[in-house]
Structure formats: C-alpha cells, structure tokens
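What follows is the residue order along each chain.
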Amino acid sequence: MHRLVAALAAALVSCAAPAALAAPRATGIAWSCHFEGTYCGMSEQSKAEPGRRSAFTRSARDGELAVELTTMAGDDQVHGSGDWERDDLALPPSPDYCNEGQEEWWAVSILFPNTYATSELGEVMDFHHHADGGQANMNLVAEPWGLRLHGFYGDIKHPDEYKAELGRLRRGTWYDFVYHVKWSSTRGGFFIAWLNGRKVLTHHGPTLYPGISCYLKLANYHSPAHGTSSIVFDRVIRGASEEDVALEPLEH
C-alpha cells in the first residue's frame, strides 16, 4: 500500500512539474511596409523631387495597394546617377538593421509589369553600404538575359564577390524573395536567398565592408531605357524568423 501511494505521488509530481524549457526564440516583425497609401518613412530619389515620381498601384501582392517606381526618358543626373535613369526608395540607415553582427530575415515582392523596359543594365533592389563609391553589399541586377543576385565584401575598392543567376526575367509574375542574412565583415557572416520558396543562393562569409553599415533600397535605376519603365514593389518585411516573413514554406 505504501509503495502504491509513493508511486502515485511521484507520478503526480512528474505531471505537475514542467519540462525544462528551451530559451525563448526571438519572434515578431520588426519593420514592414505594404504601401497601403504610405511610404513607411522611405525617402525617394527621382527627377521629380521634391515631389515623387512613384505612385501607388492596385497591382498588389498583399492588401489593396503596392508602390510603382517609374522612370521616364531624361530621368538622369539624379543623386549622382550620371546618364542612368533613377527612381529609388531608400529606408534610412539605422542602428536597428544592416549593422555588424545583426542577423535578420527579409522579404520583398517584386513585379515587372508590361511597362517595364529592358535596358543594358539595371539595379532592382540592394542593400547598399553607407559610404561613397564601390559596389552595394547585395544587388538584385536586371540585364537583357535575366536577373542576378550579386554580393560584394572585403576591400571596398577591390571587393570579393558571390552571385547567383536567376534566369530570364518574366513580366507579369510576382517574384517573392526571402533573405536570411547575418551582417558581418568577418567569416561569421552569411547570406541565404530564396525565390518563390526555392533556395537560390547560399553564401557563408563576409557580407559587409569593414567598419561600414548598409541600408535598404528599392530601385528602378538603370542605363538609359529611352522611354517609360516601371517596377512594382510590395510586402517589404524585416523579421526575426522565416515564419515572420515568408509567404510559403522555404526549401531547406
């Protein structure tokens, strides 16, 4: 009898005592913009300054609206663009993101509408270093034969690089990018990218230039297109996990 009571007591204690808990995982969306009538604090670089060349459009990936960045013939000489044409949105540099040692998840959805005009070379979005000259830390590049993710690090004047070719550009189709990045000027960094759920780039190593942070730019910035050209952006999100940012399960 005494053995039965003792066994029951032990079982009750075992049920009542919680198992050892793992350290809580940081979750939550840290910043996002769905362009529902607002630019979410992003500044614009365009020929129309101090106004905006961009406009909200109902060609949205999520919600009611998205933002359309448009260049027209002659939209050159914009913030040092030379003969390149530019309409960009920039999220200002901040201690909250894109600094040495910070790990982040990002999502951005991009649509090339029928009004997108192919040029010799163009920037579609980038994480740009906060300094003069040199290549951005990560670029999404458009060329006549397709898209490329292209990263740079090391000596800003003579950088090392990594890249992934993404295939021909398709108009009228949403490109849902997800990035998992640790910003670092040392070997401890990484940059992993998915496109519509498929893993397209894995880089382990530096992702920053030493001593220089970066910031986000959405870009319609290209060599002369000799006409009107537009790119649509929506659902730009920074979070702490895949679940915070991804629209679909990601390939692992």
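Look a little higher up for the structure.
Below you will find a few notes about this structure. All values derive from a computational prediction rather than experimental measurement.

What counts as what
Residues numbered from 1 in each chain as written. Predicted model: local features only at pLDDT ≥ 70, side-chain atom pairs only at ≥ 80, totals over all residues. Heavy atoms only, no water. Core = buried A, V, L, I, M, F, W, Y, C linked by side-chain atoms within 4.5 Å. Buried < 20%, exposed > 50% of the residue type's maximum accessible area, 1.4 Å probe, protein only. Contact = heavy atoms within 4.5 Å. Helix = DSSP H or I, 4+ residues; strand = E, 2+ residues; numbered from the N terminus. Lys, Arg positive; Asp, Glu negative; His and termini not counted. Salt bridge = Lys/Arg side-chain N within 4 Å of Asp/Glu carboxyl O. Pairing = 2+ DSSP bridges. Axes fitted to C-alpha atoms, helices over the stretch in contact; angles between N-to-C directions.

Notes on the nonpolar core
Argument step 1. Within the largest apolar cluster, 48 residues are counted, with the highest numbers of intra-cluster contacts made by Trp106, Ile110, Phe127, Tyr179, Phe191 and Leu218.
Argument step 2. Dropping the residues within four chain positions of it, isoleucine 110 is found in contact with Val124, Met125, Leu140, Thr173, Trp174, Tyr175, Phe177, Ile231, Val232 and Phe233.

Some points on the side chain of glutamate 123
Argument step 1. Inspection of the secondary structure puts glutamate 123 in strand S7 (residues 122-129).
Argument step 2. Within the buried core, glutamate 123 has no salt-bridge partner, and the shortest N-O distance to an opposite charge, that of arginine 148, equals 8.3 Å.
Argument step 3. Excluding residues within four positions of it along the chain, glutamate 123 makes contact with Asn139, Leu140, Val141, Ala219, Asn220 and Tyr221.

What about the sheet that holds strand S8 (residues 138-143)?
Argument step 1. In spatial order, the strands read S2-S5-S14-S7-S8-S9-S10; together these seven strands make up an open sheet with antiparallel pairing. Edge positions in the sheet fall to strand S2 (43-46) and strand S10 (158-167), since each of these pairs with one other strand and no more. Within the sheet, the average angular offset between the axes of one strand and its neighbour, ignoring direction, is 20°.
Argument step 2. Direction of pairing for S8 relative to strand S9 (residues 146-155): antiparallel, over a ladder of six bridges. Residue pairing for S9: glutamate 143 is matched across the bridge by glycine 146.

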